Amino acid sequence: MPELPEVETIARGLAKRVTGDVIESVWLGSKPEPLKSPARQIAATLENSRISGVRRMGKHIVIDLSQSWTASRKLRGKSSHKSSFKGDSHSTRAQWIVHLGMTGSILVCAPDAKVEKHTHLIAKLASGRELRFVDPRRFGRLSVSRNGDFEAGGFEPLDIDREEFVALFRGRKTPIKSALLNQKLLRGVGNIYADEALFRAGIRPRRQAASLTRERLERLYRSVQEVLKEAIALGGSSISDYVDADGDEGFFQLQHRVYGREGEACLVCKTPVKRVVIAGRSSHYCPRCQK
DNA sequence: ACTATTTCCTGGATGC
DNA sequence: TGCATCCAGGAAATAG
């Protein structure tokens, strides 16, 4: 389940492998697609575009696209005044936005590689390779922004400053766990890292957000950043079948202190880890260490 | 304006 | 062994 550290890892891997390549053609599966933009618009935006970079925003992968000069000519005809700007690709900036949902993955592979079940999009690259979007559970979403102005919602957890972070929870009656998962507040924190950050901060997931003191929230701020940074350094958490763009697994799952450890001894005090359901999400915590 | 609940989807695990 | 049922999760939609 890709959250911020996994998406960061994937985006970095993709950036390394496909930056500079050109998407020559796009195939979209015929079934109802997990798309947010119309299929025609996605294909039209991607085709003949050069990948100028890949980055992460929250849990979204943003693939920056620029129309190459030759592609412009091919599309618009040689008389098009649009393509006569001085070789500056910035004016045809667009974005391909990928949300992996639960089970989505982006693969870079050879064209003769077996097409996996649940492949929804294949982009043929000028280098001869293919970029494929596979998502069995179809919670992932593809979209495009034609003018490159995609906005992902709340604050980046690793960029937000302490005061902004504290202010996020002011007056919120919702459980702190739910607030951490709310992408309109913070973008990129998911179930695993919310539980892990709350454990490190010594806060129970059900605690009403507004009831936390400034000191508690400052500790949570440090915990969120710490856990995300450590996870990124280890390539994310490989739960179920997550692998990065190179097919490598992450190792942060070995560092989980509460997530997925229901009934096991707390690593600090040996009390069995509890699991409760908050907002439909399983939440793990130590009843002794977290108040 | 908020908050809580339901829905989408499929593979893997569990139960009888 | 086989079939049914449950569960996981992010975020949009819906309900309160």
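Structure report, in brief. (Residues numbered from 1 in each chain as written. Chains lettered and ligands numbered in written order. Predicted model: local features only at pLDDT ≥ 70, side-chain atom pairs only at ≥ 80, totals over all residues. Heavy atoms only, no water.)

## Some details on the protein's contact with DNA strand B
The immediate surroundings of DNA strand B are formed by Lys117, His118, Pro136, Arg137, Arg138, Phe139, Arg172, Lys173, Thr174 and Pro175. Of all DNA strand B atoms lying within 4 Å of any protein atom, the proportion belonging to sugar or phosphate reaches 64%. Note that a phosphate oxygen of DNA strand B is positioned 2.8 Å from one of the side-chain N or O atoms of His118. Take Arg172: an N or O atom from its side chain is 2.9 Å from a phosphate oxygen of DNA strand B. Grouping the amino acids of the surface near DNA strand B by side-chain chemistry returns three nonpolar, two polar and five charged. (Near = heavy atom within 4 Å. Polar contact = N/O pair within 3.5 Å; in protein donor to acceptor, adjacent residues only side chain to side chain. Nonpolar A, V, L, I, M, F, W, Y, C, P; charged D, E, K, R; others polar.)

## Examining the sheet that holds strand S7 (residues 130-134)
Taken together, eight strands build an open sheet; the order of strands is S5-S7-S6-S1-S2-S3-S4-S8 and the sheet is antiparallel. Looking along the sheet, the strands with just one partner apiece sit at the ends: strand S5 (105-109) and strand S8 (141-145). Within this sheet the neighbouring strands show an average axis-to-axis angle of 30 degrees, counted without direction. As judged from the five bridges shared by S5 and S7, these two strands associate in the antiparallel manner. From the neighbouring strand, Cys109 faces S7, where its bridge partner is Glu130. Across the sheet, helix H1 (residues 4-18) touches strand S2 (49-57), strand S3 (60-67), S5, strand S6 (119-125) and S7, and the angle it forms with S2 is around 160 degrees. The strands touched by helix H2 (residues 39-46) within the sheet are strand S1 (22-28), S2, S3, strand S4 (93-99), S6 and S8, with S8 carrying the most contacts at an inclination of about 60 degrees. (Pairing = 2+ DSSP bridges. Helix = DSSP H or I, 4+ residues; strand = E, 2+ residues; numbered from the N terminus. Axes fitted to C-alpha atoms, helices over the stretch in contact; angles between N-to-C directions. Contact = heavy atoms within 4.5 Å.)

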